[in-house]
Protein chains: 2
Amino acid sequence: MKICLKNAISFVPEGTMTTLAAQTQAANELLENGQGAGNDFLGWVHLPSETTEALLNDIQATADKLRAKAQIIVVAGIGGSYLGPRAVNEALDHTFGLNGNNPKVVYAGNNIGEDYLADLMELLEGKTFAIINISKSGTTTETALAFRLLKTMLEKQVGKAEAKDLIVCITDKAKGAARKVAEIEGYKTFVIPDNVGGRFSVLTPVGLLPIACAGHDIKALIQGARDMEKATGVEVAYENNPACQYAAMRNALYQFGKKIEIMANFNPKVHYFAEWWKQLYGESEGKDHKAIFPASVDLTTDLHSMGQWIQDGERSIFETVISIENPNKKVIFPKDEQNLDGLNFLAGKRVDEVNKMAELGTQLAHVDGGVPNIKISFEKVDEYNLGQFIYFFERGCGISGYMLGVNPFNQPGVEAYKKNMFALLDKPGYEEESKAIKMRLGV
Amino acid sequence: MKICLKNAISFVPEGTMTTLAAQTQAANELLENGQGAGNDFLGWVHLPSETTEALLNDIQATADKLRAKAQIIVVAGIGGSYLGPRAVNEALDHTFGLNGNNPKVVYAGNNIGEDYLADLMELLEGKTFAIINISKSGTTTETALAFRLLKTMLEKQVGKAEAKDLIVCITDKAKGAARKVAEIEGYKTFVIPDNVGGRFSVLTPVGLLPIACAGHDIKALIQGARDMEKATGVEVAYENNPACQYAAMRNALYQFGKKIEIMANFNPKVHYFAEWWKQLYGESEGKDHKAIFPASVDLTTDLHSMGQWIQDGERSIFETVISIENPNKKVIFPKDEQNLDGLNFLAGKRVDEVNKMAELGTQLAHVDGGVPNIKISFEKVDEYNLGQFIYFFERGCGISGYMLGVNPFNQPGVEAYKKNMFALLDKPGYEEESKAIKMRLGV
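Residues numbered from 1 in each chain as written. Chains lettered and ligands numbered in written order. Predicted model: local features only at pLDDT ≥ 70, side-chain atom pairs only at ≥ 80, totals over all residues. Heavy atoms only, no water.

Along the backbone of chain A there are 18 helices and 10 strands. Taken over C-alpha atoms, the radius of gyration comes to 23 Å for chain A, in line with the 22 Å a tight globule of 443 residues would show. With the C-alpha coordinates of chain A rotated into their principal frame, the extents come out at 60 × 60 × 55 Å. Classification of the 443 residues of chain A by burial places 64% in the buried group. Across chain A, the fraction of contacts at a sequence separation of at least 24, relative to all contacts at a separation of at least 6, is 78%. Accessible area of chain A: about 15,000 Å², with a carbon and sulfur share of 51%. Between the averaged position of the 46 positive side-chain charges in chain A and that of its 55 negative side-chain charges there is a distance of 3 Å. (Helix = DSSP H or I, 4+ residues; strand = E, 2+ residues; numbered from the N terminus. Rg over C-alpha atoms; globule rule 2.2 N^0.38 Å. Buried < 20%, exposed > 50% of the residue type's maximum accessible area, 1.4 Å probe, protein only. Contact = heavy atoms within 4.5 Å. Areas by Shrake-Rupley, 256 points an atom, 1.4 Å probe, with all protein chains shown as cover. Lys, Arg positive; Asp, Glu negative; His and termini not counted. Charge placed at Lys NZ, Arg CZ, Asp CG, Glu CD.)

Below, the structure written as structure tokens:
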């Protein structure tokens, strides 16, 4: 993994980076010594190196059991319990679903779409399916609602005894409704550590079990994260520490008016990693009426969409480009005798060669147009590199959040809509709020 | 279709809307009388009312032929030739691909991903497939590259004679490489009108043929657009004209520091409409170093992602919520005797009732947090309503762009990356540029 800042540094005044580089060291030390805000949620910092073989083997064995029994595995979760595993699986799965003998992995509990749930239940009708229920509390509305519907359906289809072996719960070690259900019903469980927040949870069983279920190598994923944990630790000086460099660069750009960070990829396989990254940075930093707004594009697709805005709109943006050095498969562009499309100058080239020139051409065009460019390169899309990707952005996020002066590990704003929703739905315990909100709405 | 501005108007000073309302009338008249910038690209303005039954019947008959022969239909196109048909098809298709006897519709030519194309070719191997090639010039790199690969593969699989009946070209009426290929090979063709740009093309054969191929009702789609064409015309005063109201409101918010518009939906079916909308507004307005930055979220999914930022980040955003009044299917939330998840207060309700309270609760929370809210409601997700949706946002875009003072119908910035890419790839005709760019890069 490599980071290149040279096309971004030129956009900030001289000296800026020297000051910010020093700040990254202090911020990184706060993550290490646990003296910063939100220090009860730092379990992710040494998670890769502390993950035991025993845990990985237990996850793999559980995945193997589900894989042997189920045609479809439904992952019920929201936020980090959805975006983390989905990002990894979408990157590694076949684009059009030709995943050999692997079960189909689908997602639920991340929305309240009635049509979505109806379509899902049609898919599952008559199929053998398993459920991975991921919820710390077991009462998150979206996930609990989907889980009740799916559990009811599964028990009806295969009976309660068989359903027990097709349901796994990933939840709190002791508290909460999901833990209680699992104990009563006798489900296999895994623990979400107390000190790891949802958006930092992909390297816990939350991500690892769904990823193993899809047939991907979780040990290689963890190995990539371990290597990145070493490469970004406090003992690694700024000059060699990509997480510090990324955090410094984005804060420098923000200070000088670049309010929107656009994550761009040239490989549609990593599309969902941008969704994961938006949660990680948006939820960690978006507080106290500040923070970079994270957005994303798939290129070259969106060069024919948001490309115009990026090239010529308000000069308030910068790009972070995820560059994948090598494709996994091979397509050579064929020669055509007639050459009516005029593309014979590409004949004999790999498609990726064309893509790389699109990438370089775009970088030059956008930088010329006033858009700073951070380039982050990974060797290829595989478990090892994705493990690096995950930990790199997590570490960068912790450092960046501390530099911005927020608590990167809470999410107070997420409660606001829930409180209103519960009041509107007359949830027991919300009687006062129900009265108040109905008065406000005049109903 | 309804628009509600009351939760946005309160964020702009009194009198602002009166001034802007008057401007919308002038801008709307420019669209009608063709006296504004980019007036050679106004063919979309009366496209719905001018679309003939004969054209719709021809498209339907062509779709029926492809549907009868092909298991998979590949739509090759980029920009509006991709996002338009995909948005409609994703909204109307089954979420998990259970589309009965309809062929599977997939997309190509919108990226240069080697793995993507390799995966696509694996999917098509041994299947009967058809190709819809959409390109005005026939030389747009992404689409031409995919088309050459797919055409080669198809001719190899079924022979040149049979392939001829499985390929349809949508292209310029007379000029360009795609037209020439179609004439030489004898493909069925449809015309992209000269005066309709790509991002406004979904109601031409560009969108209609792929939509008909997926089994959706293109006549109902056009009828919805026709009704919206009437409802947003120059003869409809501001008070009753939703396109004018939307254009006025977003320009007012932009003038007062709201730099980012977030399109939010509570129904994952319309996810791709936000992608279509981003192209429409981003490419039409993002020029001269100005314009609102269009972004999007799927809710409640992303309330557990970007929700924190929206609630508490920089107060530089507003939301445009797409509200779907009624789901198409029905799921009742079941009662559970044990009620360990505490959700029995929802038992007996439709899932959509819960979703609607999430929507209302979110609106109240975000407005309280300082985020102006424009609400645009559609009765349901069907062809008729989507036709309204499309034309509403097109008309709103033309009006809004003129109010902003840009030419909403060009896209000069899209050329920049192409020029560099061709130079880097040594495309014939780019010899000077190749020399210059290689010198710049020191290679």
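Moving on, we get to the pattern of salt bridges. If you walk through the whole model with that rule in mind, you get 58 salt bridges over all chains. Across the pair Arg-250 of chain A and Glu-285 of chain A runs a salt bridge, and its minimum N-O distance is 2.8 Å. Residue Arg-250 of chain A is located in helix α12 (residues 242-255), and its partner Glu-285 of chain A is located in helix α13 (residues 271-285); the two are separated by 35 residues in the primary sequence. The class of Arg-250 of chain A is buried, set by a relative accessible area of 1%. In this structure, Lys-278 of chain B engages Glu-275 of chain B in a salt bridge whose closest nitrogen and oxygen atoms are separated by 3.1 Å. With a gap of 3 residues between them, Lys-278 of chain B and Glu-275 of chain B both fall in helix α13 (residues 271-285), about one helical turn apart. By the burial criterion, Lys-278 of chain B is buried, and Glu-275 of chain B matches it. Here the salt bridges do not stand alone but share partners, grouping Lys-136, Asp-172, Lys-173, Lys-175 and Asp-194 of chain A into one network. (Salt bridge = Lys/Arg side-chain N within 4 Å of Asp/Glu carboxyl O.)

For the rest of this paragraph, the subject is the relation of the copies chain A and chain B. Relating one copy of the chain to the other requires a rotation about an axis plus a shift along that axis. Superposition record for chain A on chain B: RMSD 0.0 Å, screw rotation 180 degrees, translation along axis 0.0 Å. One copy is carried onto the other by what is essentially a two-fold rotation axis. Closest approach to the rotation axis within chain A is made by the C-alpha atom of Ala-295 of chain A, at a distance of 3.5 Å. A shared binding surface is used by both copies, with 100% of the interface residues of chain A retained as interface residues in chain B. (Least-squares fit on C-alpha atoms with pLDDT ≥ 70 in both.)

Inspection of the secondary structure assignment puts Glu-235 of chain A in the loop between α11 (218-231) and α12. On a C-alpha basis, the gap between Glu-235 of chain A and Gln-71 of chain A in space is 47 Å, while along the polypeptide they are 164 residues apart.

A few words on the packing of aromatic side chains. Counted by the stated rule, this structure contains 40 aromatic pairs over all chains. Seen from their ring centres, Phe-389 of chain A and Phe-393 of chain A are 4.8 Å apart, and the 50 degrees between their planes marks the pair as tilted. Placement of both Phe-389 of chain A and Phe-393 of chain A in helix α16 (residues 383-404) is noted, with a separation of 4 residues, approximately one turn of the helix. Residue classification places Phe-393 of chain A among the buried positions, given a relative accessible area of 0%. Chaining the aromatic ring pairs together yields one cluster made of Tyr-246, Phe-273, Trp-276, Trp-277, Tyr-281, Phe-378, Phe-389, Phe-392 and Phe-393 of chain A. Positioned over the ring face of Phe-422 of chain A is Lys-427 of chain A, at 4.0 Å from the centre of the ring. Just above the ring of Phe-190 of chain B sits the side chain of Lys-188 of chain B; from NZ or CZ to the centre is 4.7 Å. (Phe/Tyr/Trp six-rings, centres within 6.5 Å; stacked < 30°, edge-to-face > 60°. Lys NZ or Arg CZ within 6 Å of the ring centre and 35° of its normal.)

Residues and elements named next belong to chain A. Within the secondary structure layout, Ala-68 lies in helix α4 (residues 53-69). Since its relative accessible area comes to 69%, Ala-68 is described here as exposed. For the pair Ala-68 and Cys-213, spaced 145 residues apart in the sequence, the C-alpha separation amounts to 9.9 Å.

Of the residues lining the interface, 124 residues belong to chain A; the matching set on chain B comes to 124 residues. Summed over both partners, the interface of chain A with chain B comes to about 10,800 Å²; 65% of that surface belongs to carbon and sulfur atoms. Together, Glu-114, Arg-148 and His-304 of chain A form the three largest contributors to the area buried by chain A at its contact with chain B, with a combined 9%. Our enumeration of links across chain A and chain B arrives at 14 salt bridges. Across the pair Glu-114 of chain B and Arg-350 of chain A runs a salt bridge whose closest N-O atoms are separated by 2.9 Å. Between chain A and chain B we count 61 residue pairs in polar contact (both at pLDDT 80 or more) in total. Top element by residues in the side of chain A that touches chain B is helix α15 (residues 351-368) of chain A. It accounts for 13 residues. Looking at the side of chain A that touches chain B residue by residue, the classes come out as 58 nonpolar, 33 polar and 33 charged. (Buried area = accessible area lost by both parts, 1.4 Å probe. Polar contact = N/O pair within 3.5 Å; in protein donor to acceptor, adjacent residues only side chain to side chain. Nonpolar A, V, L, I, M, F, W, Y, C, P; charged D, E, K, R; others polar.)

This part covers the environment of Glu-433 of chain B. Residue and element names in this part refer to chain B. Following the sequence through the fold, Glu-433 ends up in helix α18 (residues 431-441). For Glu-433 and Thr-301, which are 132 residues apart along the polypeptide, the C-alpha to C-alpha distance reads 46 Å. Excluding residues that lie within four positions of it along the chain, Glu-433 makes contacts with Lys-419 and Ala-423.

Below, the discussion takes up the confidence of the model for chain A. With 100% of its residues at a pLDDT of at least 70, chain A reaches an overall mean of 97. What the predictor reports for the complex is a pTM of 0.98 with an ipTM of 0.98. (pLDDT = per-residue confidence, 0-100.)

All names here are of chain B. Reading across from one edge, β3-β2-β4-β5-β6 is the order of the 5 strands in this open sheet, with parallel pairing throughout. Looking at strand neighbours, the two that pair on one side only are β3 (104-108) and β6 (188-191), the edges of this open sheet. The sheet shows a mean angle of 20 degrees between the axes of neighbouring strands, taken without regard to direction. Examined bridge by bridge, strand β5 (residues 167-171) and β6 share 4 bridges and lie parallel to one another. The partner of Ile-170 across the bridge, within β6, is Phe-190. Across the sheet, helix α4 (residues 53-69) is in contact with β2 (72-76), β4 (129-134), β5 and β6; its angle to β6 comes to roughly 145 degrees. Relative to β4, helix α10 (residues 205-213) is tilted by about 165 degrees, and along the sheet it contacts β2, β3, β4, β5 and β6. (Pairing = 2+ DSSP bridges. Axes fitted to C-alpha atoms, helices over the stretch in contact; angles between N-to-C directions.)

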